[in-house]
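Chain by chain, the residues run as shown.
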Amino acid sequence: SQQGEEDPQALSIQEGENATMNCSYKTSINNLQWYRQNSGRGLVHLILIRSNEREKHSGRLRVTLDTSKKSSSLLITASRAADTASYFCATLESGGGADGLTFGKGTHLIIQP
Amino acid sequence: NAGVTQTPKFQVLKTGQSMTLQCAQDMNHEYMSWYRQDPGMGLRLIHYSVGAGITDQGEVPNGYNVSRSTTEDFPLRLLSAAPSQTSVYFCASSYGNAYRTGRGYTFGSGTRLTVV
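About the thresholds
Residues numbered from 1 in each chain as written. Chains lettered and ligands numbered in written order. Predicted model: local features only at pLDDT ≥ 70, side-chain atom pairs only at ≥ 80, totals over all residues. Heavy atoms only, no water. Helix = DSSP H or I, 4+ residues; strand = E, 2+ residues; numbered from the N terminus. Rg over C-alpha atoms; globule rule 2.2 N^0.38 Å. Buried < 20%, exposed > 50% of the residue type's maximum accessible area, 1.4 Å probe, protein only. Contact = heavy atoms within 4.5 Å. Lys, Arg positive; Asp, Glu negative; His and termini not counted. Charge placed at Lys NZ, Arg CZ, Asp CG, Glu CD. Disulfide = S-S within 2.5 Å.

A. Layout of the overall build of chain A. In terms of helices and strands, chain A carries zero helices and 11 strands. Moving toward the C terminus, one meets the helices and strands of chain A in the order β-β-β-β-β-β-β-β-β-β-β. Against the globule reference of 13 Å for 113 residues, chain A gives a C-alpha radius of gyration of 14 Å, in line with a compact fold. With the C-alpha coordinates aligned to their principal axes, the bounding extent of chain A is approximately 45 × 30 × 20 Å. Taking all 113 residues of chain A together, the buried fraction comes to 49%. Partitioning the contacts of chain A with sequence separation of at least 6, the portion at a separation of at least 24 is 56%. Where the 12 positive side-chain charges of chain A centre and where its 11 negative ones centre are 3 Å apart.

Here's what the structure looks like:
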């Protein structure tokens, strides 16, 4: 079953604006990752946040994690046309066992020039 | 170029046929996994491997087999193709425990499979 659920499903903003996407998950996690997928392409890893971290930055990306609410957010600042893509959160459950990621259904982001 | 290579990129099968999707990585990654992506469903884990000789089932393993005889290769076999297996298949690899390494997965470019 899907672990993460992204919100919104689709987002359209003007170039230069900030884009915020949210992810909720169901079980205790080891870490949470965000990926980008351009149309018809493979996924590209953006950023990983561990369960004991609350915020991480990477360039124009800022990720937060609230384990008490089982939620994460991805902020892309000063958006560009090249940021147009689908964004997925993926979790790795804590407690060992499966080492495959569980993905949400994604947010489709469109940056209008 | 270093990365995850998937072949073929496109494939059409008839119901009942079998085939193998190939996946190879040249980054000496321990972990490898297979996902399928269906419209509106995100990616779902089929099988994964934490090292040569070790494989395990993911969320949707039925109808698929895997083996990991080498670190580099992780082929996915469809035993008897069904229309429900029409999907885009992605192979991914990583160094190992993501919590420890802080690194995510590297994905291949995918195989688009249609079963008629």
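B. Layout of the state of the cysteines. Residue and element names in this part refer to chain B. Taken as a whole and judged by the stated rule, the model has two disulfides over all chains. The disulfide partner of C23 is C91, and the S-S distance across this bridge is 1.9 Å. On the sign convention where negative is left-handed, the bridge of C23 and C91, at about -70 degrees about the S-S bond, is left-handed. Of this pair, C23 sits in strand β3 (residues 19-25) while C91 sits in strand β9 (residues 87-94), and the two are 68 residues apart along the sequence.

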